[in-house]
Structures are given as C-alpha cells and as structure tokens.
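Descriptive analysis of the structure
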Amino acid sequence: MRTPRMLAMLGLLLTAAVALGACGGDDADQASSGGGQTEQTEQTEQGGDDGGDEGAVRIEATEFAFSPGDVTIKAGEPTTVEFVNAGSVEHDFTVDDIDFKVTAAAAKTGTGELTVPEAGEYTFYCSVPGHREGGMEGTLVVE
Ligand SMILES: [Cu+2]
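Residues numbered from 1 in each chain as written. Predicted model: local features only at pLDDT ≥ 70, side-chain atom pairs only at ≥ 80, totals over all residues. Heavy atoms only, no water.

**Details of the coordination of the copper ion**
Heads up, the condition is: With water omitted from the atoms examined, metal sites may look incomplete; donors here are N, O and S atoms no farther than 2.8 Å from the metal, or 3.2 Å in the case of Na, K and Ca. Here a site with four donors is tetrahedral if all angles are between 85 and 135 degrees, and a site with four or six donors is square planar or octahedral if opposite donors are over 155 degrees apart and the other angles are between 65 and 115; anything else gets the irregular label. Each residue gets one of three labels from its accessible area relative to the maximum for its type: buried under 20%, exposed over 50%, partly exposed in between, using a 1.4 Å probe on protein chains only.
Only H91 (ND1), C126 (SG), H131 (ND1) and M136 (SD) from the protein reach the copper ion as donors, at distances of 2.0 to 2.8 Å. Seen from the copper ion, its four donor atoms lie at angles of 82 to 138°, and the figure they make is irregular. Of note, the donors binding the copper ion are all from one chain and are spaced H-x34-C-x4-H-x4-M. In this pair, the class of C126 matches that of H131, namely buried.

**Looking at the pairing of strand β1 (residues 56-62)**
Put simply, the rule is: For the purposes of this entry, the term helix denotes a DSSP run of H or I that reaches at least four residues, the term strand denotes a run of E that reaches at least two, and both are numbered from the N terminus. A strand pair is defined by DSSP finding two or more bridges across the two strands.
Every second residue of β1 is oriented toward a common face, the buried set being V57, I59 and A61 and the non-buried set A56, R58, E60 and T62. In this structure, β1 lies alongside strand β4 (residues 79-85), joined through six bridges in parallel fashion. Residue A61 lies in a different strand from β4, and its bridge partner there is N85. Bridging between β1 and strand β2 (residues 65-67) involves three bridges; their strand directions are antiparallel. Bridging from a neighbouring strand, T62 pairs with A65 of β2. If you look at the hairpin formed by β1 and β2, you'll find two residues sitting between the two strands.

**Observations regarding the nonpolar core**
Selection criterion: The set of buried Ala, Val, Leu, Ile, Met, Phe, Trp, Tyr and Cys residues whose side-chain atoms join them within 4.5 Å is what this entry labels a nonpolar core. Contacts: residue pairs with any heavy atoms within 4.5 Å of one another.
Within the largest apolar cluster, 21 residues are counted, with the highest numbers of intra-cluster contacts made by I59, F66, I73, F83, F93 and L140. Where this core is concerned, the elements lending two or more residues are β1, β3 (70-73), β4, β5 (91-95), β6 (100-104), β8 (120-125) and β9 (137-142). Discounting residues that sit within four places of it in the chain, F66 has contacts with I59, E60, A61, F83, D92, F93, F124, Y125, C126, M136 and E137.

**Section: the pattern of salt bridges**
Side chains bearing opposite charge may pair, as long as their charged atoms lie close to each other. Rules: Salt bridge, as used here: a side-chain nitrogen of Lys or Arg that lies within 4 Å of a carboxyl oxygen of Asp or Glu.
Applying the stated criterion across every chain, the model contains four salt bridges. D92 is the salt-bridge partner of K101, the closest N and O atoms lying 3.9 Å from each other. Each of the salt bridges in this network shares a partner with another, and the network as a whole consists of R58, E60 and E82.

Shown next, in the form of structure tokens:
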C-alpha cells in the first residue's frame, strides 16, 4: 500500500519538476539569448555603417577644382581624408581654421586624419600660389 502511493507521489513530483524546469528554461532562453542577440546584431550593423560612410571622405583635385566642392563630415568624429590628385601639378587640401593640410604631388594620393570638434562651415582651398584664385576653393561642412 505504501509503496504504490510513494511511487505515485514521486511521479507527480517528477512530472511537476520537469514541467516547471521546461517552462523556466524556455522563458530564460527566449529572454536572455534571443533578446541579447538582436541587440548585438543591431549595434554591430549600425557601427559598421557609421564607420564606413562617415569616418572617411575622398576629395579629388584637378586644375583648378576640387571634387566634390562641398565636403560634409561629422563633428567630433575622427575622419580620414583621402586626397586624390588627378591633376598634373601639385595640389593640397588646406583648412586654415583647424590648421589642417594634406599635400599630394601630381597623380599621387595623400591622406590625413582630422577631427573637428565644433559644427559649422569651414573654407578649404589649395594653397599653391594661384590655385585658390583659379577656383580651388570649397566648403567643409561639419554637422
Ligand atoms: Cu592646387
């Protein structure tokens, strides 16, 4: 008489324990790993996009123009400037307000890194004599 009852109770306890354990496990998995993975994926994608699009700018120089004439970067963010000289004489990319200059010989590419802490519009130009007057001037927009 006692043995069957104890077995029955044990069975109930085991069933309850398994059911509770299974439910608890599912909830925990969905809450922690499911939510965590989603957040991590979003952060990684956003970070990658930001770095690729806004962490670098490419400016081309010819006689006597910059392309593009207006360059936009983000305030406070380190930005790599790739200055491609597609012309046949030396050119440079100079921004007096932030004391920045990248020079590139004919058919060469110069690179430099700048961080502009304050938003605003800064004039850039080529400091080779006569080039600014010839049209090598543009606006660096920091936002
Ligand atoms: Cu020039």
